[in-house]
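The residues making up each chain are set out below.
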Amino acid sequence: MPTAPTSSLLSRGAVGFWFLGLGALGLLRGAMRAFRHGPFAADAVTWVWLIGSALILLAGAVVVVRAARSMRERVDD
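Residues numbered from 1 in each chain as written. Predicted model: local features only at pLDDT ≥ 70, side-chain atom pairs only at ≥ 80, totals over all residues. Heavy atoms only, no water.

Here the focus is the overall build of the protein. Within the protein, the regular secondary structure consists of three helices and zero strands. In sequence order, the secondary structure elements of the protein are arranged as α-α-α. Taken over 77 residues, the protein has a buried fraction of 16%. Residue pairs at least 24 apart in sequence account for 65% of intrachain contacts in the protein once pairs closer than 6 positions are excluded. Surface exposure of the protein reaches about 5800 Å², of which carbon and sulfur atoms provide 71%. (Helix = DSSP H or I, 4+ residues; strand = E, 2+ residues; numbered from the N terminus. Buried < 20%, exposed > 50% of the residue type's maximum accessible area, 1.4 Å probe, protein only. Contact = heavy atoms within 4.5 Å. Areas by Shrake-Rupley, 256 points an atom, 1.4 Å probe, with all protein chains shown as cover.)

See below:
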């Protein structure tokens with residue numbers, strides 16, 4: 001009887017890695033906007049962009065960590 005194929009962390013945490021990438025790009029874009037004219041000068045739109053990107057980055061990290069933990073638990077069983 002064939003066994004079920006094992007899934008990798010990349011496939012189990014794909015949405016998390018996608019969120020990590022979006023968050024990183026958003027932080028980069030927010031920083032570019034904040035430093036557009038020299039020293040850090042963030043308006044309300046820039047703050048919303050930076051905070052939203054940080055939250056998406058955090059959500060992606062949580063998803064990836066949960067996927068890694070669930071994989072570790074499957075190996076321990």
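Okay, back to it.
What follows deals with the packing of aromatic side chains. For the coordinates displayed, the defined rule picks out three aromatic pairs. Considering the side-chain rings of F40 and W47, the 5.7 Å spacing of their centres and the 70° angle between planes classify their relative orientation as edge-to-face. Look at F40 and you get partly exposed, because its relative accessible area is 42%. Taken together, the aromatic side chains of F35, F40 and W47 make up a single cluster linked through ring pairs. (Phe/Tyr/Trp six-rings, centres within 6.5 Å; stacked < 30°, edge-to-face > 60°.)

What follows deals with the side chain of T46. Counting through the fold element by element, T46 comes out in helix α3 (residues 44–76). Among the polar contacts listed, one links the side chain of T46 to the side chain of R33, at a separation of 2.8 Å. A distance of 2.5 Å separates a polar atom in the side chain of T46 from a polar atom in the side chain of D43. Setting aside anything within four residues of it in sequence, one finds T46 in contact with G30, R33 and A34. (Polar contact = N/O pair within 3.5 Å; in protein donor to acceptor, adjacent residues only side chain to side chain.)

This brings us to the pattern of salt bridges. A full pass over the atoms with the stated rule returns one salt bridge. When the shortest N-O distance is used, the salt bridge between D43 and R33 registers 3.3 Å. Taken together, the positions of D43 in the loop between α2 (14–34) and α3 and R33 in helix α2 put the pair 10 residues apart, joining distant regions of the chain. Residue class for D43 comes out partly exposed when judged on its relative accessible area of 38%. (Salt bridge = Lys/Arg side-chain N within 4 Å of Asp/Glu carboxyl O.)

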